[in-house]
Amino acid sequence: MGPAEGCTVLHVDMDAFFASVEVRRRPELAGTPVIVGGAGNRGVVTSATYEARRYGVHAAMPTARALRLCPTATVLPGDMALYGEVSRSVMALFRSITPLVEPLSLDEAFLDVAGAGRRLGDAVEIGEYLRARVFDEQGITCSVGVAGTKFVAKLASTRAKPDGLLVVRPPEVMGFLHPLPVGAVWGVGPKTEETLLRLGLRTVGDLAHVPARTLQRALGAAAGSSLHELAWGRDPRRVVPDEPERSTGAEETFASDVDDPAVIHRELLRLAERTAGRLRSIGCLARTVTIKVRFADFATITRSRTLGAPTDVGQELYDTARALYDALGLQRARIRLVGVRAERLVPADAAPRQLELGAREHGRREAELAADRAARRFGAGAVRPATLLHRSGGSRQAGR
Amino acid sequence: MKFRVAREVLADAVAWTARSLPPRPSVPVLAGILLEADGSQLSVSGFDYEVSARAEVDVQTTENGRVLVPGRLLAEITRALPPHPVELIAEGPRLAIACGNARFSLPTLPVEDYPSLPSMPSAAGIVDSDVFAEAVAQVAVAAGRDDTLPMLTGVRLEIEDDQITLAATDRYRLAVREFSWRPETSGLSAAVLVPARTLAEAAKTLTSGPEITLSLSSGSSGEGILGLSGKDRQTTTRLLDAEFVKYRAIMPNESLANATLPVGLFTDAAKRVALVAERGTPLRCEFTPGQVTLRAGGSDDEGQAEERCDVDFDGDPLTIGFNPTFLLDGLAAVHTDRARMDFTSPLKPAVLSGVDEPSTDDEKPAPATRPGSYRYLIMPVRLPG
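As the structure is a computational prediction, the values presented were derived from the model and not from experiment.

This brings us to the sheet that holds strand β4 (residues 74-76) of chain A. Residue and element names in this part refer to chain A. Strand order in this open sheet of 3 strands is β3-β2-β4, and the pairing throughout is mixed. Lying at the two open borders of the sheet, with one neighbouring strand each, are β3 (45-48) and β4. Ignoring which end each strand starts from, the neighbouring axes of this sheet average 25 degrees apart. One ladder, built from 3 bridges, connects strand β2 (residues 34-37) with β3; its direction is antiparallel. In the sheet register, I35 faces β3, and the bridge partner there is A48.

If you want it as structure tokens, here you go:
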């Protein structure tokens, strides 16, 4: 029996991805706590080096709090374009090993290497090879979980972090899984965890040893049986290559709550333009536009509308987003955050396009494509709607 | 006020007037229907500053007077009354309705607060009511429904002597219909934009008499209105103050290929195939000599459908995509057994028109677009690949 017998699924996860990319760019920061995240009084941490994590800093924590925990940390605003580029290179590397690559986000992916052949060795050897290549080519580290299922592979990579590899062979699965806390299981969020803890179920082993029907009574038929299966390491989900991006969007938390509809409209325009730019850069059109509004009391609502024809034009996203917002009929409600999402994406080249009678050959879309080209040459925001001219870069630039 | 009236007559007049009441009136009195009894005449009116409607009914009046009553409630009551003569009596601030054994007492609204209806502008001419209803329906189908683009929610009405042209477009299709009428004065020339929904509703419901009188005030005061008067009923609507597209420039002036379609069979086939076309996906029409193949759907996670239909096709084979709704709207509006479609390219508008049936001799004369009749342009969907 080889060291990776029965293991064909890899979960590869970059270690402290955004922060690592920043450290690579500024080597003098190596070995120091670095936080990537918003700096304003409402900024949150999106990534932190392990040096910062040692102080208790973690993602999604308010930056202000992180700085209280770790005052020496360097806070950087983040450079999504750069992370996207690194991510694309890494994913391309994965795809050179196997076509069965399922990216979960910029910095993690499942790989099915069952068909990768003997050329590179077994799954463990492939995992080590990938770790070495990523480090050589990108100067960042990653961790790899190797197992027979996606569920176990992902848990294994989490356990292997940072800069490690863990293989969990089928006979070892129970020994690996059962001591884990229930919260580690895929699909168990804080609510479910609370329910399970109330039933006295603390570990995955506990879950495995109650009858499936008990779990189903507590959590509902589908969730209960899926949890029972997972607790026994059974996960039928396959690695689905290149799951197309389902949505893209942007949101903005205001530095202080806003009740001026004109400001909200302007922000929606900015977010719509940014979302449209992202759509064009990934070559997709959106069929549905969703807005998100978070009020001062954190109550959050979303509203969606499906467009007559899919689009990647900022003006069309904005028109819809604004109509959705206006339809809320808010009377100077205090708003903390607004977001615009483009959903139900279809590839632009495969999408039929309803033509307009007597449309100008160079319409709004062509103008926005030209703005994209200008942005590539002169930087983001080189060309933007006049309504947005009087704004500095937005509240995210607010000094700390 | 006190009068007697036939239940059916009252119910019809009230229902017709109630149609134009605003669903969310800006002031409460606008939710009312004004009843004015004067001798043997009862007039039933509604108004929301945009649209006014006034129906006249024969009644036996014992006492003249006027009351304003909640319109929708009155419409529901009159519709539900038993088949007996109805008696309406104003009693102080209430209106009593008696019919058979049924008795109602309704609160009235302050009639003195009710705005006066716009006076009917001077008559411009007369149209055949059926022709007008058909023409308006054929054109209004192409009007836009998005109120943020007022220009597209209107029907353009152009008068050029004894010809009227109606046109509407929502940017994706354009419908144009011409017909003749009898203007009051010769040489009349005018062009106005009428809210499509209101016009369609009015034209459809003014067919009880053979003729409709059109009245126009282009409004030196800027408040243009169009009046339509049929038998016992008249309505006015405020005109839209917007430019209309230069639609004549959009009409293709050449045809490189054309198909003659059996409207019923082709419509049925298109409806079946369109069942699998998700919103925003086109119906693909592949025209070859003698037939058209319709396809929809196609990607792995969608259904697929295909159907062939025999058509006469003249020209190089052509594959063109349409939004199924736009195509079906047009087919439903031509009102002929066969329709002709003219094409220039898969990316240029196709023109649908009715085909006048030739006398039943066997040799087939080249079907031609009827001059001065109906044309429905559809902008295609650019197919992927």
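Let's pick the thread back up.
Here the focus is the UniProt feature "site: Substrate discrimination" (unreviewed entry) in chain A. All names here are of chain A. Here, the residues flagged by UniProt with the feature "site: Substrate discrimination" (unreviewed entry) are F18. Mapped onto the fold, F18 is located in helix α1 (residues 17-25). Once residues lying within four places of it in the same chain are set aside, the contact partners of F18 are V36, T46, S47, M80, Y83 and L106.

So, on to the pairing of strand β20 (residues 283-288) of chain B. All names here are of chain B. The pairing of β20 with strand β24 (residues 318-322) spans 5 bridges and is classified as antiparallel. Note that in β24 the partner of L283 across the bridge is F322. Following β20, the chain reverses through 2 residues before pairing antiparallel with strand β21 (residues 291-297); G290 in that reversal takes a positive phi of roughly 90 degrees.

Moving on to the interface of chain B and chain A. By a widely used convention, the size of an interface equals the accessible area lost when the partners come together. Each side of the interface is counted separately: chain B has 23 residues, and chain A has 14 residues. For the pair chain B and chain A, the summed buried surface comes to about 1,500 Å²; carbon and sulfur atoms form 59% of the total. Our enumeration of links across chain B and chain A arrives at 1 salt bridge. A salt bridge links R171 of chain B to E356 of chain A, with the shortest nitrogen-to-oxygen separation between them at 3.6 Å. Applying the counting criterion to the chain B and chain A interface returns 4 residue pairs in polar contact (both at pLDDT 80 or more).

Let us look at the sheet that holds strand β2 (residues 32-38) of chain B. Residue and element names in this part refer to chain B. Pairing is antiparallel across the open sheet formed by 9 strands, whose spatial order is β6-β2-β3-β4-β18-β17-β16-β10-β14. Bordering the open sheet on either side are β6 (65-70) and β14 (182-183), each of which pairs with just one other strand. Sheet analysis places β2 next to strand β3 (residues 41-47), joined by 5 bridges and oriented antiparallel. Within β3, the residue paired with A37 across the bridge is L42. Along the sheet face, helix α2 (residues 71-80) touches β2 and β6 and points at about 95 degrees away from the line of β6.

All right, on to the nonpolar core then. Residues L35, F132, L214, F287, M341 and F343 of chain B are the most contacted members of the largest nonpolar core, which totals 98 residues. Of the residues forming this core, the biggest block, 6 residues, is contributed by helix α6 (residues 324-334) of chain B. Residues C7, F18, C142 and V144 of chain A belong to the second largest nonpolar core, which totals 34 residues.

Between two aromatic rings, the relevant description is the distance of the centres plus the angle of the planes. With the rule as written, the count across this model stands at 10 aromatic pairs over all chains. Taking 5.7 Å as the distance between ring centres and 55 degrees as the angle between the ring planes, the aromatic pair formed by F17 of chain A and F18 of chain A counts as tilted. Assigned by exposure class, F17 of chain A and F18 of chain A land together as buried. With a centroid separation of 6.5 Å and 55 degrees between ring planes, the pair formed by F313 of chain B and F343 of chain B is classed as tilted. In this pair, F313 of chain B sits in strand β23 (residues 312-314) while F343 of chain B sits in strand β25 (residues 338-343), placing the two residues 30 residues apart along the sequence. Residue F313 of chain B is classed as buried on the basis of its relative accessible area of 11%. Here F343 of chain B falls in the buried class, since its relative accessible area comes to 2%. An aromatic cluster is defined as three or more aromatic residues linked by ring pairs; in this entry it consists of F17, F18 and Y83 of chain A.

The rules we used
- Sequence order as written defines residue numbering, which begins from 1 separately in each chain.
- Chain A is the first chain written and ligand 1 is the first ligand written, with later ones labelled in order.
- Since the coordinates come from a predicted model, pLDDT governs what is reported: local features require at least 70, and pairs of side-chain atoms require 80 or more to be given and counted, while whole-chain, interface and lining totals use all residues.
- Remark: hydrogens and water are excluded; side-chain values derive from all non-hydrogen atoms of the structure.
- Pairing between two strands requires that DSSP report at least two bridges joining them.
- Helix and strand definitions follow DSSP, with helices as H or I runs of at least four residues and strands as E runs of at least two, each counted in order from the N terminus.
- Each axis is a line fitted through C-alpha atoms, taken for helices only over the stretch in contact, and angles between the N-to-C directions span 0 to 180 degrees.
- UniProt positions are given in the numbering used here, feature names are shortened, and annotations may be inferred rather than shown by experiment.
- When checking whether two residues touch, look at their non-hydrogen atoms; a contact exists if any pair is within 4.5 Å.
- The term buried area refers to how much accessible surface (probe radius 1.4 Å) is lost by two components on association, counted for both of them together.
- Within this document, salt bridges are pairs made up of a side-chain nitrogen of Lys or Arg and a carboxyl oxygen of Asp or Glu, the two lying within 4 Å of each other.
- Polar contact is the term for a pair of N or O atoms within 3.5 Å; when the atoms are in protein, one must be able to donate a hydrogen and the other to accept it, and sequence-neighboring residues count only if both atoms are side-chain atoms.
- Throughout, nonpolar core names a set of buried Ala, Val, Leu, Ile, Met, Phe, Trp, Tyr and Cys residues whose side chains join them through atoms within 4.5 Å.
- Exposure categories follow from relative accessible area, calculated using a 1.4 Å probe and restricted to protein chains: below 20% of the type maximum is buried, above 50% is exposed, and the middle band is partly exposed.
- Ring pairs shown here join Phe, Tyr and Trp side chains whose ring centres sit within 6.5 Å, with only the six-membered ring taken for Trp; geometry is labelled stacked below 30 degrees between planes, edge-to-face above 60, and tilted in between.

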